[in-house]
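# Descriptive analysis of the structure
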Amino acid sequence: MSSNERIKTGVIGVGAMGKHHARVYNELCDCQLVGIADADTSRAREIADEYGTDALDTDELIERADAVTVAVPTPYHYELASQCIKAETDILVEKPLVEDEKNGRELIKQADEAGVTLQVGHVERFNPVTDTLMDIVPDLDVISVKAERLGPQPDRAIQDSAVTDLMIHDIDLHQALLDQPVSAVEASGNADGRYATATVEFDDETIAKLTASRVTQRKVRKLTITAEQCYVIVDYLDQSIEIHRQSVPEYVAEDGDVRYRHESIVENPAVDNGEPLKHELQSFVDAARTETEPRVTGKDGLRSLELAKEINRKAFGSPHKTVEVLHD
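Let's shift gears to the state of the cysteines. A full pass over the atoms with the stated rule returns zero disulfides. Of all cysteine sulfurs in the structure, the one in C31 sits closest to C29, which takes part in no disulfide; the separation is 8.1 Å. C29 gets classed as exposed once you look at its relative accessible area, which sits at 72%.

What follows concerns the pairing of strand 3 (residues 67-70). On a regular strand, one side chain projects to one face of the sheet and the next to the other, so that they alternate. Both faces of strand 3 are covered, namely the face carrying A67 and T69 and the face carrying V68 and V70. Looking at chain direction, strand 1 (residues 7-12) and strand 3 are connected through four bridges and run parallel. What sits directly across from T9, in strand 3, is A67. Crossover strand 3 to strand 4 (residues 90-94) through helix 4 (residues 77-86) is right-handed.

Together, E201, D203, D204 and E205 make up a negatively charged patch on the protein surface. Tracing the backbone through its elements, the reader meets D203 in the loop between strand 8 (195-202) and strand 9 (207-213). When its relative accessible area of 46% is taken as the criterion, D203 is described as partly exposed.

To continue, consider the packing of helix 1 (residues 18-27) against helix 8 (residues 276-290). Remark: helix 1 packs on helix 8, axes separated minimally by 10 Å, with the N-to-C direction vectors making an angle of 65°. Relative to helix 8, the element helix 1 is oriented roughly perpendicular. Taken as a pair, helix 1 and helix 8 cross one another with a handedness that is right-handed. Here helix 1 contributes H20, H21, R23, V24, Y25 and E27 to the contact with helix 8, which in turn contributes L277, K278, E280, L281, F284 and V285. Residues that form the contact of helix 1 with helix 8 fall into these classes: six nonpolar, two polar and four charged.

With respect to the helices, strands and loops of the structure, R23 is situated in helix 1. There is a polar contact of 2.6 Å between the side chain of R23 and the side chain of E275. Beyond its immediate chain neighbours, meaning those up to four positions away, R23 contacts Y51, E275 and L277.

Tracing the backbone shows N312 in helix 9 (residues 298-316). Sequence separation between N312 and T197 is 115 residues, and the spatial gap between their C-alpha atoms is 9.8 Å.

With that settled, the discussion passes to the pattern of salt bridges. Under the counting rule described, the total for this entry stands at 21 salt bridges. In this structure, D30 engages R289 in a salt bridge whose closest nitrogen and oxygen atoms are separated by 3.7 Å. Of this pair, D30 sits in the loop between helix 1 and strand 2 (31-37) while R289 sits in helix 8, and the two are 259 residues apart along the sequence. Measuring nitrogen to oxygen at the nearest pair gives 3.1 Å for the salt bridge that ties R64 to E60. Here R64 pairs with E60, and both are found in helix 3 (residues 58-64), just four residues apart, close to one helical turn.

What counts and how
- Residues numbered from 1 in each chain as written.
- Predicted model: local features only at pLDDT ≥ 70, side-chain atom pairs only at ≥ 80, totals over all residues.
- Heavy atoms only, no water.
- Disulfide = S-S within 2.5 Å.
- Buried < 20%, exposed > 50% of the residue type's maximum accessible area, 1.4 Å probe, protein only.
- Helix = DSSP H or I, 4+ residues; strand = E, 2+ residues; numbered from the N terminus.
- Pairing = 2+ DSSP bridges.
- Right-handed = clockwise from strand over helix to strand, strands pointing away.
- Patch = residues over 30% accessible without salt bridge, like charges linked within 9 Å, V, L, I, M, F, W, Y side chains within 5 Å.
- Areas by Shrake-Rupley, 256 points an atom, 1.4 Å probe, with all protein chains shown as cover.
- Salt bridge = Lys/Arg side-chain N within 4 Å of Asp/Glu carboxyl O.
- Lys, Arg positive; Asp, Glu negative; His and termini not counted.
- Charge placed at Lys NZ, Arg CZ, Asp CG, Glu CD.
- Axes fitted to C-alpha atoms, helices over the stretch in contact; angles between N-to-C directions.
- Parallel < 35°, antiparallel > 145°, perpendicular 65-115°, else oblique.
- Left-handed = near helix turned anticlockwise from the far one by under 90°.
- Contact = heavy atoms within 4.5 Å.
- Nonpolar A, V, L, I, M, F, W, Y, C, P; charged D, E, K, R; others polar.
- Polar contact = N/O pair within 3.5 Å; in protein donor to acceptor, adjacent residues only side chain to side chain.

If you want it as structure tokens, here you go:
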């Protein structure tokens, strides 16, 4: 494909996440949004009309597009992604990659053999703070990492547990940042699959503590790193990083009282702003156009899925714990 030619894109599944993929493809100057497909044809027409494109059936969209997002419920990922690969249409599959690890391995094999770009939609990898963090972590002797991904129940059906819906983002980030094999996993959960916490130990003895919740009445997306050299606080919502160094304990006298305090140097690295989803989709279409490896590969997605499923089993006693909650 010519570098000057617009890549023809489409979205299969325009629910809560897929509709934003359609919006971003429509905004990217090197893309042409050629169609929308959804099992709900009225929903497909609504989103297609909003962005001046066509509502198509899935077969026609796959044939018309060069690259598509698959943003349908997880049980349908494998079937639709396989169909795209057979048509030699590049694909971004929303996380988790698939429902079953065996199908994930098969999908990766199919994509490799067909020369099709397969990217997994771990959007937090494209948050500007992640780019900054990836520059910082290699210089640190990391001891532990703690992630909190919390919030209230959204007003839509949820088929995946808090682990495979939310925690999987932090699983992916931790494995990208630490790049170490996992040696031990402990987990627990409650609230019908909507709350889970896990402790993961890596081969280098680094410890990761992860919490995911859909029953917390405040949205939190935070990561902290304890290292020999410093303490790092990352806020994915604010897109900010604080690095605390050289903490010095001391006793001070104030109005005749002796108080204990810590003083430290706080650095605030510059973070480029921008919408993570736009960075993600631009990266995907660039990889598809140049036939280069995407930033989040199928193997990355499978590695995160395998750990998420292990945590899910230990937290809820079932590999496929799913919950559906609808609000009026």
